[in-house]
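# Structural overview
So the chains spell out like this:
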Amino acid sequence: MKTIVKSYKIRIYPNKSLQDKLYKNFGYNRFVFNQLLNYNKLIFNLVVNNPRINPYNYRPKVNRSTLNNWLNVLKAEHFFLKDSESTSLQSTCDIFKDSMVRFFKHQNKFPRFKSRKNPIQSIRLKNNNNSIRFENNKLKLPRFGLIRYRDNRKIKGDILTCTVKCENNRWFAVLNCKNVPVSPMLKTGDNVGIDLGLKDLMIFSNGEKRKPITRLTKIEQQIAKLNKKLSRKVKCSNNWKKNLQKLQKLYNKVFDIRNDEYQKLSTELIKNFDLIGLEKLSVKNMIKNKRLSHSISQISWSRLVDMIKYKAEWYDKKCIQISKVFPSSKLCNKCGYKKEDLTLAIREWTCPKCRTKHDRDINASINILNEAIRINNECTTG
C-alpha cells in the first residue's frame, strides 16, 4: 500500500484562557520573525549599496545554525520570549529561512513584516516525543494542554507538525502527517479533457457541462450590501465591528461551500477517469480584464485544479496540463484546421475545410484531451 504525506485541517474550540495564551504566542513568533527580517534587511541594503558586490550573486548565510544563534541572542535580550512555546520559535526560523531561500532563487518577492492586524494569525508546533496527540477525544498540544475539536475523520499516519491558526475568528489545527496509507483507485479505462469557463464551470470532452455553484449568488449579494454599509460606518466603532463580524461569517460560509463542492467534484473525476487533461490558465493576466475580474477571482479555478492534481498523484491516476499557448479553441478536432479569426464572442463555428460544426467549448475540451494523450504517450515511450 502506498504512503503519502497528508494534512488534516480540523476545527478546534479553545476556551478564553487558551485563546489568550495562543494570541500571546502569535505575538512572540511575529516579533521573532520581524526581528530576523529587520536584521537581514539591513545586511541586504548594505550589500545592494556596495558597488564592489553584485547583489544578484550574493547569498547570505541564512542556515539553521545561524538562525538558532540569532534566536538565542533574542531570548537573552527579551525575557518574555521564554514564555513562548520553544518549537514554534524554531519553526518561525525555518519559515524565515525558506522565504529567504525562495527570494534568492527568484521564486517570490522579498519577505515582508508580519502585522498583528492580519485576519489570519498562526504558529507551527513540532511533535517531539509524541507531544502532539489525541487524548480523551481532545487534541493535546505542548504548553497549551487539551483542546476540544470537532472532526469525524480518523487521523492516520504519524503527526509531524501542528499549525494552530485563527481565521476570521475561527480556530483551526492543521496536522501534517507522514506515512498516511492510501490505496489506489480502480482503473476505469476512460479519459477526459476539461475546458474551464465562467458560464459553465467545466466542459467535458464527452459533451457534459457542469454549472458553477449557483447557491453562492444570494450570499454574494448579501456581502455586497454589508460592504456598502461598512463603508458608511465610523471605523472601529461598535456598529462597524458588528457589521464586520457579519461579513466574516458570510466570507467563511462562501469558502466552506466552495471548498466542499470542489472536494466532491475532484474526487468524482478521479474515480471516473484514469487520465484528465486540463489547460494551464494565466489567471493573473485574465484578472486584468475589468469586466470579468470579479467573476474569475470568485470561481477559483486554481483551487479546483490543485485538488485534481494532488488527488491524481495520491490515487495513481494521471492529470496532465497542456501549455497555455496551445490553441485549443481554434483547432478543428476532426481535420486540424486552425481558425485564426476566432474571437470570444463566437461560441459556435463551422470548419471551412471539413464542414464540421463545432461548439467552441466542447471542441476545446476534445483538443485538450487529444493533446494530453499525446503528451502522455511521449512520456511513456520516451
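Residues numbered from 1 in each chain as written. Predicted model: local features only at pLDDT ≥ 70, side-chain atom pairs only at ≥ 80, totals over all residues. Heavy atoms only, no water.

## Some words on the overall build of the chain
When helices and strands are counted, the chain shows 9 helices and 14 strands. Taking all 382 residues of the chain together, the buried fraction comes to 39%. Counting only contacts in the chain whose residues sit at least 6 apart along the sequence, the fraction spanning at least 24 positions is 69%. When the accessible surface of the chain is summed, it comes to about 23,300 Å², and 49% of that surface belongs to carbon and sulfur atoms. Distance between charge centres in the chain, computed from 79 positive and 31 negative side chains, equals 9 Å. (Helix = DSSP H or I, 4+ residues; strand = E, 2+ residues; numbered from the N terminus. Buried < 20%, exposed > 50% of the residue type's maximum accessible area, 1.4 Å probe, protein only. Contact = heavy atoms within 4.5 Å. Areas by Shrake-Rupley, 256 points an atom, 1.4 Å probe, with all protein chains shown as cover. Lys, Arg positive; Asp, Glu negative; His and termini not counted. Charge placed at Lys NZ, Arg CZ, Asp CG, Glu CD.)

## Regarding helix H8 (residues 301–314)
Taking 1.5 Å of rise per residue, the 14 residues of H8 would be expected to cover 20 Å, and the 20 Å separating its terminal C-alpha atoms lies within 8% of that figure. When we look at burial in H8, the residues that qualify are Trp301, Leu304, Val305, Met307, Ile308, Lys311, Ala312 and Trp314. Residue aspartate 316 follows H8 closely and has a positive phi angle near 60°. (Expected span 1.5 Å × (residues − 1).)

## Quick notes on the nonpolar core
With 59 residues, the main nonpolar core has Leu141, Val164, Ile194, Met202 and Ile276 as its most contacted residues. Among the elements that make up this core, the one with the highest residue count is helix H5 (residues 238–272) (9 residues). When residues no more than four places from it in sequence are discounted, the contact partners of valine 164 are Ile12, Leu22, Phe26, Gln121, Ser122, Ile123, Leu125, Leu141, Trp171 and Phe172. Among the nonpolar cores identified, the runner-up in size contains 18 residues, and Tyr28, Val32, Phe33 and Phe96 belong to it. (Core = buried A, V, L, I, M, F, W, Y, C linked by side-chain atoms within 4.5 Å.)

## Quick notes on unusual backbone geometry
The phi angle at asparagine 129 is positive, at roughly 55°, despite the residue not being glycine. Summarising the element assignment, asparagine 129 is placed in the loop between strand E2 (120–126) and strand E3 (133–135). Taking relative accessible area as the criterion, asparagine 129 reaches 80% and is therefore assigned exposed. Notably, asparagine 136 is not glycine yet its phi reads approximately 55°, a positive angle. Its relative accessible area of 68% is what places asparagine 136 among the exposed residues.

## Overview of the packing of helix H4 (residues 216–231) against H5
Between H4 and H5, the least distance of the axes is 10 Å, while the angle of their chain directions is 160°. For the element pair H4 / H5, the angle class is roughly antiparallel. When you trace H4 past H5, the crossing you get is left-handed. Of H5, the residues touching H4 (which contributes Leu216, Ile219, Glu220, Gln222, Ile223, Leu226, Asn227, Lys229 and Leu230) are Trp240, Asn243, Leu244, Lys246, Leu247, Leu250, Tyr251, Lys253, Val254, Ile257 and Arg258. (Axes fitted to C-alpha atoms, helices over the stretch in contact; angles between N-to-C directions. Parallel < 35°, antiparallel > 145°, perpendicular 65-115°, else oblique. Left-handed = near helix turned anticlockwise from the far one by under 90°.)

## Re the sheet that holds strand E7 (residues 170–182)
Reading across from one edge, E2-E6-E7-E1-E5-E4-E3 is the order of the 7 strands in this open sheet, with antiparallel pairing throughout. Each edge of the sheet is formed by a strand with only one pairing partner; in this case those strands are E2 and E3. When strand polarity is set aside, the average angle formed by the axes of neighbouring strands in this sheet is 40°. By the bridge criterion, 9 bridges tie strand E6 (residues 158–167) to E7 in an arrangement that is antiparallel. Paired with threonine 161 across the two strands is asparagine 176, which belongs to E7. (Pairing = 2+ DSSP bridges.)

## Observations regarding the packing of aromatic side chains
What characterises a pair of aromatic rings is the spacing of the ring centres plus the angle enclosed by the ring planes. Counted under the stated rule, the structure contains 12 aromatic pairs. Between lysine 9 and the ring centre of phenylalanine 172, over which it is positioned, the NZ or CZ distance is 4.6 Å. Lying across the ring of phenylalanine 33, lysine 114 places its NZ or CZ 4.6 Å from the centre. (Phe/Tyr/Trp six-rings, centres within 6.5 Å; stacked < 30°, edge-to-face > 60°. Lys NZ or Arg CZ within 6 Å of the ring centre and 35° of its normal.)

## Some points on the side chain of aspartate 200
Its location among the elements puts aspartate 200 in the loop between strand E8 (191–196) and strand E9 (202–204). A distance of 3.0 Å separates polar atoms of two side chains, one belonging to aspartate 200 and the other to lysine 211. The residues touching aspartate 200, leaving out its near neighbours within four places in the chain, are Lys209, Arg210, Lys211 and Pro212. (Polar contact = N/O pair within 3.5 Å; in protein donor to acceptor, adjacent residues only side chain to side chain.)

## As for the sheet that holds strand E10 (residues 209–210)
One open sheet holds the 5 strands; their spatial order is E10-E9-E8-E11-E12, and the pairing between them is mixed. Each edge of the open sheet carries a strand with a single partner, namely E10 and strand E12 (318–322). In terms of strand pairing, E8 meets E9 through 3 bridges, oriented antiparallel. Looking at E9, one finds that isoleucine 194 is bridged to phenylalanine 204. Sheet contacts for H5: E8, E9, E10 and strand E11 (275–279); angle to E9, the most-contacted strand, approximately 15°. In the packing of helix H9 (residues 360–381) onto the sheet, contacts are made with E8, E9, E10, E11 and E12, and the angle to E8 comes to roughly 130°.

## A closer look at the side chain of aspartate 274
Mapping aspartate 274 onto the fold places it in the loop between H5 and E11. A distance of 3.0 Å separates a polar atom in the side chain of aspartate 274 from the backbone nitrogen of threonine 188. The contacts of aspartate 274, once residues within four sequence positions are left out, are Leu186, Lys187, Thr188, Gly189, Asp190, Asn191, Lys317 and Lys318.

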